[in-house]
Amino acid sequence: MNQPADDLDTLLREHFANARPPLAAQRFVEQTLERIAVARRRATWIRRLTQAAALAALILVSPWLIRGSTLLSENLDVWLTVGTQWLLTPAGTALVVGCAGLAALGAMVRRWR
Amino acid sequence: MQSRLSAAALGQAADSMIIALACAGDEGAFTELVRRRQARVRKFMYHVCRDRGLGDDLAQQVFISVWQSLGRLRAVDAFDGWLKRIMVTTWLEELRRRRIPTTGEVDAEQAGAYGERTAEKLDLDAALGHLAPDVRLCIVLSYNEGMAHPEIATLTGLPLGTVKSHIARGAAKLREWLAAYDGGGR
């Protein structure tokens, strides 16, 4: 402790040590547990609503998801070929080297911190 | 999860056992934990907020936060330090929510000419109430929780110099007010 010891120090410590809460411990514990029970019920409802909303959203967007996955499977080979060819050009190689450098730098900064 | 131990067994169990069980989701152990820590949390909240109803409300919020995140506590030994952090955070959030200015040496609006109000019962409790919230928080953490200045700085996010200054100036103000009261009252 860094405070100089004097009468006020003693007075303050006694004051804090002697303070008593007004509400009986049992009543406080009961009220706290009631509030936790309410919070738990609310959390359960929110989780269920979120799950239901996510499921509904999935059903709603499923036609687009199916169309997208079909498109992806049809064109993935072509896109990969084009992408690989571009990465082999000087600009693509420079981009890859730049990204790798940034990632390494980020990792080093994280380690230093 | 229902408790694995009877209420009597929980009442006699060591703190570390109760905390470990509560972390594992044991409801009886959590109730026992609330019972064991309630006086400390309520006293702290009352001393910083100066309102018994609000103090109990904030203490309950602390235990709700504890319940919500107890599963993430890694070490049982760290529980009391972790609880202290939740207590301080809950109070600082309350201050921000109510837009109460936290800085300054003294709550000037309330304090007024403190030394002149000798007819009123001006004890240490009332004098503490006139300190600005930040100053009062540092005084309470130092004298009620027995924390060292660097610990208070870490917990509150205030610079160490500010913590030292708050405690020194707060104590000086209390001395000044109490002396004025003693002098004026006699």
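Please refer to the structure placed before this passage.
What this report covers is the structure whose coordinates are included nearby. Keep in mind it's a predicted model, so treat the numbers as computed, not measured.

For the rest of this paragraph, the subject is the overall build of chain A. Each helix and strand counted, chain A has three helices and zero strands in total. Going from the N terminus to the C terminus, chain A shows its helices and strands as α-α-α. A total of about 9,000 Å² of accessible surface is found on chain A, and carbon and sulfur atoms cover 68% of it.

Our next topic: the interface of chain B and chain A. Counting from both sides, the interface comprises 37 residues of chain B and, opposite them, 29 residues of chain A. For the pair chain B and chain A, the two sides together bury roughly 3,000 Å², of which 67% comes from carbon and sulfur. Together, Gln60, Trp67 and Tyr143 of chain B form the three largest contributors to the area buried by chain B at its contact with chain A, with a combined 24%. Among the elements of the structure, helix 3 (27-49), helix 4 (52-69), helix 7 (124-129), helix 8 (133-143), helix 9 (149-156) and helix 10 (160-185) of chain B are those that each provide at least two residues to the side of chain B that touches chain A. Of the residues contributing to the side of chain B that touches chain A, the split by class is 19 nonpolar, nine polar and nine charged.

Here we take up unusual backbone geometry. Residues and elements named next belong to chain B. One non-glycine residue, arginine 50, adopts positive backbone phi at about 65 degrees. As for its position among the elements, arginine 50 is in the loop between helix 3 and helix 4. Arginine 50 sits in the partly exposed class, given a relative accessible area of 23%.

Summed over the entire model, instances satisfying the criterion amount to two aromatic pairs over all chains. Residues phenylalanine 28 of chain A and phenylalanine 63 of chain B carry aromatic rings whose centres are separated by 6.1 Å and whose planes lie at 70 degrees to one another, so their mutual orientation is edge-to-face. With phenylalanine 28 of chain A in helix 2 (residues 25-87) and phenylalanine 63 of chain B in helix 4, this pair bridges two chains. Assigned by exposure class, phenylalanine 28 of chain A and phenylalanine 63 of chain B land together as buried. On the numbers, 5.8 Å between centres and 50 degrees between planes, the contact of phenylalanine 79 of chain B with tryptophan 82 of chain B is tilted. Of the two residues, phenylalanine 79 of chain B and tryptophan 82 of chain B are both situated in helix 5 (residues 79-97); the distance of three residues between them amounts to about one turn of the helix. There is no split in this pair, since phenylalanine 79 of chain B and tryptophan 82 of chain B are both buried. Against the face of tyrosine 46 of chain B rests arginine 52 of chain B, its NZ or CZ located 4.3 Å from the ring centre.

Take the nonpolar core next. Ranked by size, the top nonpolar core spans 63 residues in total, and within it Leu12 of chain A together with Phe44, Met45, Val66, Leu70, Phe79 and Leu174 of chain B carry the most contacts. Non-local contacts of leucine 70 of chain B, meaning those with residues more than four positions away in its chain, are made with Ala22, Cys23, Phe30, Leu33, Phe79 and Trp82 of chain B.

A word on a nonpolar patch on the surface. Side chains of Leu55, Leu58, Ile59, Leu60, Val61, Trp64 and Leu65 of chain A sit close together on the surface and give an oily, nonpolar patch of about 770 Å² of accessible area. Relative to the assigned elements, leucine 60 of chain A resides in helix 2.

Parameters and conventions
Residues numbered from 1 in each chain as written. Chains lettered and ligands numbered in written order. Predicted model: local features only at pLDDT ≥ 70, side-chain atom pairs only at ≥ 80, totals over all residues. Heavy atoms only, no water. Helix = DSSP H or I, 4+ residues; strand = E, 2+ residues; numbered from the N terminus. Areas by Shrake-Rupley, 256 points an atom, 1.4 Å probe, with all protein chains shown as cover. Contact = heavy atoms within 4.5 Å. Buried area = accessible area lost by both parts, 1.4 Å probe. Nonpolar A, V, L, I, M, F, W, Y, C, P; charged D, E, K, R; others polar. Buried < 20%, exposed > 50% of the residue type's maximum accessible area, 1.4 Å probe, protein only. Phe/Tyr/Trp six-rings, centres within 6.5 Å; stacked < 30°, edge-to-face > 60°. Lys NZ or Arg CZ within 6 Å of the ring centre and 35° of its normal. Core = buried A, V, L, I, M, F, W, Y, C linked by side-chain atoms within 4.5 Å. Patch = residues over 30% accessible without salt bridge, like charges linked within 9 Å, V, L, I, M, F, W, Y side chains within 5 Å. Salt bridge = Lys/Arg side-chain N within 4 Å of Asp/Glu carboxyl O.

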